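# Structure at a glance
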Amino acid sequence: MTGKSSNGTVPDSPPAEVDIMMPSSPINIDVNGEDVDGGITRRNTLTTSNVSSSNIASDQDPTPPSTVEAESNGSERPAPAEPGSVSDSAPEPGSSVSSSVNGEKTGQRVGRRVSYADSVQSTGSSTQNTKSTSRGGSSRRSSSMSMGGIWGDFTRRSSVWEMDSLASLDDEVDRFSCKECCVERLESAGRWLRSTLATAFSKPSIFIPSLLLFIVLVVCGLLIVYGFDNATAESRKQTAISVAEQTDLFFVRVLENAFLPLFTMSMFIQELPEFHDLDLMVGDRCNPASDPLNCTESTSAPPLAGKETTHRDLAGLFNTTEGRIIQRKFDTIASSIKENSGLGKALVNIQLAPKGVVSMLYPMVNCEDFVGNPRVEEGYCMNNTGAWGHDLLNDPKRVGIARATVPAKGVVTAGPLNLIQGGDTFIARLPINMDPDEGHIMVVDNVTYPCWGFVVVLLDWSTLKEQSNIYKEFENEKMQFKLTRTDMINGEEVVKSIAESENSEICASGNVTLDLDTGDNGWGISVCFNDGFSPNYKVWAYPIVFIGSFIFMILLMLVLVSKTQLESILLRLMPPRAIEKLRRGETIVEKYDMVTIFFSDIVGYTKMSSEMTPQEVMKMLNDLYSKFDIEAAKHGIFKVETIGDAYIAVAGCPKKCSGPEAAQRMALFALDAMKIVKDYQTDDGANVCIRAGLASGPCVAGVIGTALPKYTLFGDTVNFAARMEQTSQKMKIQISPSTQRMLLDAPAYDFECVERRDDSGELGVELKGKGRQYTYWVESATKMSTSPKTDEIAAEKAKMVDILEQPEENV
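The text that follows walks through the structure, step by step, so that each part is easy to find. (Residues numbered from 1 in each chain as written. Predicted model: local features only at pLDDT ≥ 70, side-chain atom pairs only at ≥ 80, totals over all residues. Heavy atoms only, no water.)

Let's shift gears to unusual backbone geometry. Cis rather than trans, the peptide bond between Tyr362 and Pro363 has omega equal to -10 degrees. By the secondary structure assignment, Pro363 is in the loop between strand 7 (360-362) and strand 8 (365-366). Geometrically, the link from Cys653 to Pro654 is a cis peptide bond, its omega value of 0 degrees lying close to zero. Looking at where Pro654 falls in the secondary structure, it is placed in the loop between strand 21 (646-651) and helix 17 (659-679). (Helix = DSSP H or I, 4+ residues; strand = E, 2+ residues; numbered from the N terminus.)

Okay, structure coming up:
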């Protein structure tokens, strides 16, 4: 196993080392460790020449390196050194050194030991990895090289390989024509379509809902189309009503916005002392001509000469210093209220009417709110001078609205009306109630009310119509309208048009009429379509129903297929329980008391991969390990991951089972894996050999980090299984003592396990960090015959599995 990390998941493989002895004369060494004299030569050899101590002075180690002998048959690996260790002993210039080949020393050993990890790091993807032991059991060979040549070539090797790869890629691009590109894209699309359809039709949870959706959509669509022509008139009537209601809602919102200035100004009147007694200063109307006795001493504002019936003379009140101060304060307050009302140019005037007499107005002359208004003449200004002193309770044209305002509990609206100052204006009034004991009273129809007067706002009707967008709204809908109000004049209802579209006469018959909630004098709107309420529709609605239903079915199918495929991929990467925890943002840590872990790698993988292109290597590993995956699913074990040529799996995790059952499953998988490898050949007919190791014990499983989450195993059992594989032999399965004990209690199989002995007959094998361990080879398995005893054992173990199914978390 090359290139494995040294964390708890996959321990480091012991790096192979090369002892290079530097003689005074050139020698032949090949970085793959094969003897040239034996007739097994390879391409890509390196040439060395005499090297002085200055060439390696920077890597010197004060302690002399120990000699590591390589076994030519590849049955066992040498005891590994620490990864990445490099020790040098610099010879004197001109001194004689020799190389060690297959354990035979020639000359004095004063050379440099280079670990396999160092050489791989230097060469990257180079096909010449310096090592003393080949997994395929290859012997050493030599080529003439110098030490300077070795390191120089090693540092250049990765970039050369990449340049060669890029050059070959450019050649492929040049040869890849536009036609081939299109064909490739079509083939890719075809593969995607076949995969999607296969998934959709193989999963009832996808096909059935999609088909049901199609049927439901078609049936509903046909029913809708079938009755659509007959229901068109009613539908368009509802549309007309909806548009009319939207118009009503707009004007209602405008009036609600107008309420804010009214209530704001009302609060100022009640809180500011300047305005508090203004009604008392204006006083009740008193006509000296009709009541000279009582009016001689009256301080009330007298009737205005020439307009005695409709106006009061306020000059005596507001042409004073105190009156001008009150007027300025009112202008300041009203200006701020108007600016922040949200009504824009629609709010054209704010008035105070103590005792029902219009005493203060802002602005007195309003021109700026009418600039650019297409509904009024250019240069139009609203001059409110004529409204100053207007006695609303005594003007026959306004008395009805004014008298309705005094006793009201809220806002009273009227209009649009043609006012004295000109223009159609919508009026909103709010009575201001104060303490009657302080003299704040008004008498209407011989009834006394605790009223100071009222606040008035004027809304320009032409501006409101523009803001409502009523004309464009109906034009876009291809509709006509006529907006009316109903006034009570001398006890009779008089209907007046206040807004209408260009061809509103169409609505004289066959229309929809709706009473609006706007204004206290009843508003109504008549709405109709230009072409009537019952236009004819074409039968193209039927194919649209089928096409649309089919599209929605496909979209739903694609969503469900994508969801199913993603879930399938996730379930292959980690257990369902881990996926659910990841979705909830929980930490995944699970403890397992007894599992069996499998490690394997390909013997001679480094040499093999150096003679193949990366694509060929990947295809070989994919073909082989895909067969392993099938066996893993068959035996109920969980594939953890593959790292390079290493295959790692576990039994008893994440789905718990008893220790003997986990060991049995893993041993059967390992034996089947060996059978697969024996029958497997690469595309060029070459055979592949693996070695495998099993270890049993406790472990912890979980997911580390948030980026690229991966379900991983941790614990000494993982390291032990890796050591079992590293010290195993070609096409053999080495197991730990704990695994051997578990296999003795296997529920359904008898396993033939043979003690491992070295050439001297000594039991066991030396393991890095663990010393000598007594290990076993698994040779074969025989299924037990069914008996009452075995049935009883199986039942007991099934109960144990149920108990162990619940994982221990948050270790």
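On the surface, Trp192, Leu193, Leu197, Phe201, Ile547, Phe550, Ile551, Phe552, Leu555 and Leu558 cluster together into a nonpolar patch covering about 990 Å² of accessible area. Looking at the nonpolar patch, the elements that each hand over two or more residues are helix 3 (178-202) and helix 13 (541-573). If you tally residues by element for the nonpolar patch, the top one is helix 13, at 6 residues. The topology assignment puts Leu193 in helix 3. (Patch = residues over 30% accessible without salt bridge, like charges linked within 9 Å, V, L, I, M, F, W, Y side chains within 5 Å. Areas by Shrake-Rupley, 256 points an atom, 1.4 Å probe, with all protein chains shown as cover. Salt bridge = Lys/Arg side-chain N within 4 Å of Asp/Glu carboxyl O.)

Our focus in this paragraph is the packing of helix 4 (residues 204-271) against helix 13. Running from N to C, helix 4 and helix 13 cross one another at 160 degrees; their axes reach a closest spacing of 9 Å. Relative to helix 13, the element helix 4 lies roughly antiparallel. Note on packing geometry: the crossing formed by helix 4 with helix 13 is right-handed. Looking at the contact of helix 4 with helix 13, its residues break down into 21 nonpolar, 5 polar and no charged. (Axes fitted to C-alpha atoms, helices over the stretch in contact; angles between N-to-C directions. Parallel < 35°, antiparallel > 145°, perpendicular 65-115°, else oblique. Left-handed = near helix turned anticlockwise from the far one by under 90°. Nonpolar A, V, L, I, M, F, W, Y, C, P; charged D, E, K, R; others polar.)

The tally for this structure, following the rule as stated, stands at 25 salt bridges. Glu274 is the partner of Lys329 in a salt bridge, and the nearest nitrogen-oxygen pair spans 2.7 Å. In this pair, Lys329 is assigned in helix 9 (residues 321-339) and Glu274 in helix 5 (residues 273-276), connecting sequence segments 55 residues apart. With relative accessibility at 30%, the residue Lys329 sits in the partly exposed group. For Glu274, a relative accessible area of 26% gives the class partly exposed. Here Lys581 and Glu590 are joined by a salt bridge, their closest N and O atoms 3.8 Å apart. Judged on exposure class, the residue Lys581 and its partner Glu590 are both buried. Where salt bridges share partners, they join Asp758, Glu762, Glu766 and Arg772 into one cluster. (Buried < 20%, exposed > 50% of the residue type's maximum accessible area, 1.4 Å probe, protein only.)

Here the focus is helix 3. Think of an α-helix as 3.6 residues a turn; residues three or four steps apart then line up on the same face. Under the 1.5 Å per step criterion, the end-to-end length of helix 3 is 36 Å for 25 residues, consistent within 8% with the ideal 36 Å. Buried within helix 3 we find Thr196, Thr199 and Ala200. The elements touched by buried residues of helix 3 are helix 4 and helix 13. (Expected span 1.5 Å × (residues − 1). Contact = heavy atoms within 4.5 Å.)

What follows covers the environment of Ala695. Tracing the sequence through the fold places Ala695 in strand 22 (residues 690-703). Along the backbone, Ala695 and Gln740 are 45 residues apart, and their C-alpha atoms lie at a distance of 8.8 Å. Excluding residues that lie within four positions of it along the chain, Ala695 makes contacts with Val595, Thr596, Ile597, Thr717, Phe720, Ala721, Met724, Ser736 and Thr739.

The subject of this paragraph is the state of the cysteines. Within this structure, the stated rule accounts for 1 disulfide. Each disulfide pairs two cysteine sulfurs, and for Cys367 the partner residue is Cys381, the sulfurs being separated by 1.8 Å. On the S-S bond that ties Cys367 to Cys381, the torsion sits near 115 degrees, and the link is right-handed. Taken together, the residues span a long stretch of sequence, with Cys367 in the loop between strand 8 and strand 9 (382-383) and Cys381 in the loop between strand 8 and strand 9 at a distance of 14 residues. In this structure Cys381 comes out as partly exposed when scored by relative accessible area, which is 29%. (Disulfide = S-S within 2.5 Å.)

Right, let's talk about the packing of helix 13 against helix 14 (residues 576-583) for a bit. In the contact formed by helix 13 and helix 14, the axes pass within 8 Å of each other and the chain directions differ by 110 degrees. The angle between the axes of helix 13 and helix 14 places the two elements in the roughly perpendicular class. Classified by chirality, the crossing of helix 14 by helix 13 is right-handed. On the side of helix 13, the interface is formed by Glu567, Leu570 and Leu571, while helix 14 contributes Pro576, Ile579 and Arg583. When grouped by side-chain class, the residues that make up the contact of helix 13 with helix 14 number 4 nonpolar, no polar and 2 charged.

This brings us to the pairing of strand 20 (residues 638-643). Note that strand 20 and strand 21 share 5 bridges and pair antiparallel. The partner of Thr642 across the bridge, within strand 21, is Tyr647. Hairpin connection between strand 20 and strand 21: a loop of 2 residues separates the two successive antiparallel strands, and Gly644 in this loop has a positive phi of roughly 65 degrees. (Pairing = 2+ DSSP bridges.)

Turning to its location among the elements, Ala508 is positioned in the loop between strand 16 (492-500) and strand 17 (512-516). In this structure the C-alpha to C-alpha distance between Ala508 and Val527, which are 19 residues apart in sequence, comes to 9.5 Å.

Every buried residue of helix 14 is accounted for by Ala578, Ile579 and Lys581. For helix 14, the buried positions fall inside an angular range of 165 degrees around the axis, keeping them on one side. Facing away from the buried side of helix 14 by more than 90 degrees, the exposed set consists of Pro576 and Arg583. (Arc of directions from axis to C-beta.)

This paragraph deals with the nonpolar core. Met265, Leu459, Leu483 and Ile525 are the most contacted members of the largest nonpolar core, which has 60 residues in total. In terms of residue count, the dominant contributor to this core is helix 4 (12 residues). If we ignore the near neighbours within four places in the chain, the residues touching Leu459 are Val254, Leu255, Ala258, Leu343, Ala346, Leu347, Val348, Asp424, Thr425, Phe426 and Leu464. Residues Phe598, Met612, Ala632 and Leu671 belong to the second largest nonpolar core, which totals 42 residues. (Core = buried A, V, L, I, M, F, W, Y, C linked by side-chain atoms within 4.5 Å.)

So yeah, pure geometry; function would need other evidence.
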